[in-house]
Amino acid sequence: MRKDHFGGLAARAMACTGAGSLVSKLGNLLAAIALLVSLVALPTASSAQGVLRITNDRGGVLSQRMAEIGRLQVTGQPIEIRNGYCASACTMYLGLPNTCVGRNATFAFHGPARTDRRITRQEWEAWSQTMAYYYPPQLRDWFLRTGRYASTNLINLSGRDMIRMGVRECA
């Protein structure tokens, strides 16, 4: 799977959207912020590397989740989403090579949104591409075709669906 989620983020967003400098600048800014935060948050060598079990995660701020994903990518910590609920930014765990899912887990997707103001079409496109970047190819394609267009109603998919879209099933 991908080794570096941050280095090629802006180039990937540009290639996928064909958009101009606003998307490029936003992508570069997001990548730089996420990388900086992830480096600051790196655990020490003596920290425990147990399995991170996700059971009820409703998402959160995308930039914060990007930093967490960066840290987990560096440490290689295993992630299990065997059951429960994983929504919004939580779904970004699905692209990490050490993530596995259970068939009965529920995953909820929606397009980019802000609580404080409307986002522009360019921002919406850049954030959509950013989220999609973290998914395995089949899930990425589905998200860009379907998932990102959900706004007020989330689209719920099962762990079985995720497995069919290339996410590893927990043993």
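These notes cover the structure that comes with them. (Residues numbered from 1 in each chain as written. Predicted model: local features only at pLDDT ≥ 70, side-chain atom pairs only at ≥ 80, totals over all residues. Heavy atoms only, no water.)

On inspection of all chains with the given rule, the structure shows two disulfides. Disulfide pairing places Cys 86 opposite Cys 90 at an S-S distance of 2.1 Å. On the sign convention where negative means left-handed, the S-S torsion of about -110° between Cys 86 and Cys 90 marks this disulfide as left-handed. A relative accessible area of 0% means that Cys 86 is categorised as buried. Each sulfur of the disulfide joining Cys 100 and Cys 170 lies 2.0 Å from the other. Between Cys 100 and Cys 170, the disulfide has an S-S torsion of 90° and is therefore right-handed. With Cys 100 in strand β5 (residues 99–101) and Cys 170 in the segment after α6 (159–164), this pair connects stretches of sequence that are 70 residues apart. For Cys 100, a relative accessible area of 5% translates into the label buried. The class for Cys 170 is buried, based on a relative accessible area of 9%. In the protein, the cysteines engaged in disulfides, taken in order along the sequence, are linked 1-2, 3-4. (Disulfide = S-S within 2.5 Å. Buried < 20%, exposed > 50% of the residue type's maximum accessible area, 1.4 Å probe, protein only. Helix = DSSP H or I, 4+ residues; strand = E, 2+ residues; numbered from the N terminus.)

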